[in-house]
Amino acid sequence: MSHYSLTLNQEKTPSDSRLQQNTFKITGFDGIHVADCVMPVRSANPIRAKSLIRHNLEKSNTYSNHLQSRMPNIKVFSGTSHPDLAQRIVDRLGIDLGKVVTKKFSNLETCVEIGESVRGEDVYIVQSGSGEINDNLMELLIMINACKIASASRVTAVIPCFPYARQDKKDKVVIYSRSELSKKESRAPISAKLVANMLSVAGADHIITMDLHASQIQGFFDIPVDNLYAEPAVLKWIKENIPEWRNSIIVSPDAGGAKRVTSIADRLNVEFALIHKERKKANEVASMVLVGDVKDRIAILVDDMADTCGTICHAADKLIEAGATKVYAILTHGIFSGPAISRINNACFEAVVVTNTIPQDGHMRDCPKIQCIDVSMMFAEAVRRTHNGESVSYLFSNVPY
């Protein structure tokens, strides 16, 4: 407060006659009473006491301004992949969405114009790896670079569904021949690492994502990565929407998700099972073997993503054959490409539950079995905690309200 007046009352403290207990009122320049304060000052002179009090107040104000300079204002921008999620995030934060114009030239080059100043700001860009993935990824990179060269203090990419996450290693390919069956190292790229490099080079200082296909992808980055988990929201949905959840069994449709389902099963205090599968090629399952007893139980399939849904539909049939009474599927990222919707409609699911890391409105219209869990509050809370320099580990086991 740059303009104020002090009304001072003094009384000696019993312990030290030199120490005056100064009770004063601070009144703003517009005449509004601001505060009553008590401050001990070593001075019996009222003028000297008032001077010392004013000095302490100005010193405190300077320190407060210093803290504010270290914590710049926040700006949240949305790409074109998932504007609804971005709007939900800013509504939760109580701020407005930043102004940005995205367009394409006639040759389909992407052009991005940031419509407001970001100098010294803490910028968050929300863009999911869905829809036209390559265009959306390029748009995100351009937006990051545009904010960075416009002198943003920090640029954080909020990527609910990380693109190319399944291309995280070189797989061994099975080669069939008349003489032998052999496995050889493929010449496939590690595209997830390439995306990580592109984001870093574009100027991203921090990444916030959810349920990476492989948590080791965090190691592809040299910048901080916060990998949030949908597990708390999934647990909440199960307890609220499946009345007989205590008689359920959590099932992983492949061995890679065993750690995920055991964590959920432990939290619910139920058993788990898994299905071992072998693929002939991508998006095509050759065989499945169920490990575990699902007879007379509600089977809940849990996975991080579903694309063409061949795996979970085959798994659902396998579980019904093994004696499961009902089958639910809970997925973090519902991609649902190709024949996915028709497969789900024809499958024996009670419900297929996904989060809104990817837009689901169209999928829910086409398939009444699909239900959606809103995770915008988790991303909003992660943004708020990151902006304020707080820990985000609370979100690993709790849903913010």
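The structure this text deals with has already been given above.
Residues numbered from 1 in each chain as written. Predicted model: local features only at pLDDT ≥ 70, side-chain atom pairs only at ≥ 80, totals over all residues. Heavy atoms only, no water.

## With respect to the nonpolar core
Next up, step 1: Trp237, Ile238, Ile242, Ile250, Leu268, Ile300 and Phe379 are the most contacted members of the largest nonpolar core, which has 42 residues in total.
Next up, step 2: For leucine 268, the contacting residues outside a window of four places in its chain are Leu235, Ile238, Lys239, Trp245 and Ile250. (Core = buried A, V, L, I, M, F, W, Y, C linked by side-chain atoms within 4.5 Å. Buried < 20%, exposed > 50% of the residue type's maximum accessible area, 1.4 Å probe, protein only. Contact = heavy atoms within 4.5 Å.)

## Overview of helix 3 (residues 133-149)
Next up, step 1: Between its first and last C-alpha, helix 3 extends 24 Å over 17 residues, near the 24 Å set by a 1.5 Å rise per residue.
Next up, step 2: Taken as a whole, helix 3 has its buried residues at Asn136, Leu137, Glu139, Leu140, Leu141, Met143, Ile144, Ala146 and Cys147.
Next up, step 3: Where helix 3 is buried, its residues meet strand 4 (74-78), strand 5 (100-104), strand 6 (110-114), strand 7 (122-126), strand 8 (154-159) and helix 4 (191-202).
Next up, step 4: Within two residues after helix 3, serine 151 carries a phi angle of roughly 75°, on the positive side. (Helix = DSSP H or I, 4+ residues; strand = E, 2+ residues; numbered from the N terminus. Expected span 1.5 Å × (residues − 1).)

## Brief notes about the pattern of salt bridges
Next up, step 1: Enumeration according to the criterion identifies 16 salt bridges in this entry.
Next up, step 2: Put simply, aspartate 84 and arginine 88 hold a salt bridge, and the shortest N to O gap is 3.1 Å. Of this pair, aspartate 84 and arginine 88 both sit in helix 2 (residues 83-93), four residues apart, roughly one helical turn.
Next up, step 3: The exposure class of arginine 88 is partly exposed, given its relative accessible area of 38%.
Next up, step 4: Among the ionic pairs, lysine 236 bridges to glutamate 240, the shortest N-O distance being 3.3 Å. Taken together, the positions of lysine 236 and glutamate 240, both in helix 5 (residues 231-241) and four residues apart, correspond to about one turn of that helix.
Next up, step 5: Of the residues examined, lysine 236 reaches a relative accessible area of 29% and is grouped as partly exposed.
Next up, step 6: Glutamate 240 sits in the exposed class, given a relative accessible area of 54%.
Next up, step 7: Sharing partners across several salt bridges, the network here consists of Glu381, Arg384, Arg385 and Glu390. (Salt bridge = Lys/Arg side-chain N within 4 Å of Asp/Glu carboxyl O.)

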